[in-house]
Amino acid sequence: HSDYYYNTGKIVVQNNQKGLIDLIQGKYIDPGLWNKIYRKKLIKKFIDNQDIIDYSIKNLEDLLINYYLFKDSRISIYEDMCKYHYTLRKSSAATSERRNKFEDPIKVMNLLMNSESNEVLYSEIYKRYIYALINNVNQHSYQDISIKSKKILRNEYKNYNKYYVSKKYKLLTI
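No experiment lies behind these values; they were computed from the predicted model shown.

A. Looking closely at the confidence of the model for the protein chain. Mean pLDDT over the protein chain: 86, with 92% of residues reaching 70 or higher. Summarising per-element confidence for the protein chain, the mean pLDDT is lowest in helix H7 (residues 167–173) (74) and highest in helix H4 (residues 99–115) (95).

What follows is the structure, encoded as structure tokens:
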């Protein structure tokens, strides 16, 4: 039995901003690096300058790297076809309950928000940041992370209308 993540067969050509939005939202474009092909000149930037990425990040590092790669691309072509089957292991970063599973998404969203000047893209990153904080509040493995995330959410509540945070997220915060 194969469990396909999307696999609609669609081919979509996107401009820079639309590709970045879809990457951040995760509706069409999976944030993983394993299912993308990039031009060598885009990847070379990371090979030549290893200070670009925080290598201590173990969760959502794919999204961070993809964001920087998409940011430097004029267009992206998305073909929703499964040609690779990703295996999830019980002890992998994606399935384990380690601290970094909850801390790293916040780090990644903060890095992206601090580097983004486009208001539309910032708003999408901000919404994902709020979602990550809500996820942290609702996890039960690390109480300190839950408490800290709840405090941040209370402080951020005043910004929800500015960045078009949905009513659902607003209700989850209360």
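B. Up close: a nonpolar patch on the surface. A cluster of nonpolar residues, Ile11, Val13, Ile75 and Ile77, forms a patch on the protein surface that exposes about 430 Å² of accessible area. Locating Val13 in the fold gives a position in strand S1 (residues 11–15). On the basis of relative accessible area, Val13 is assigned to the exposed category, the value being 58%.

C. Quick look at the environment of Phe70. Structurally, the position occupied by Phe70 is in helix H3 (residues 61–71). Once the C-alpha coordinates of Phe70 and Gly19 are considered, the two residues, 51 residues apart in sequence, prove to be 7.0 Å apart. With residues up to four places along the chain from it excluded, the contact list for Phe70 reads Asn16, Gly19, Leu20, Leu23, Ile29, Lys36, Tyr38 and Ser76.

Conventions adopted
- Residues numbered from 1 in each chain as written.
- Predicted model: local features only at pLDDT ≥ 70, side-chain atom pairs only at ≥ 80, totals over all residues.
- Heavy atoms only, no water.
- pLDDT = per-residue confidence, 0-100.
- Helix = DSSP H or I, 4+ residues; strand = E, 2+ residues; numbered from the N terminus.
- Patch = residues over 30% accessible without salt bridge, like charges linked within 9 Å, V, L, I, M, F, W, Y side chains within 5 Å.
- Areas by Shrake-Rupley, 256 points an atom, 1.4 Å probe, with all protein chains shown as cover.
- Salt bridge = Lys/Arg side-chain N within 4 Å of Asp/Glu carboxyl O.
- Buried < 20%, exposed > 50% of the residue type's maximum accessible area, 1.4 Å probe, protein only.
- Contact = heavy atoms within 4.5 Å.

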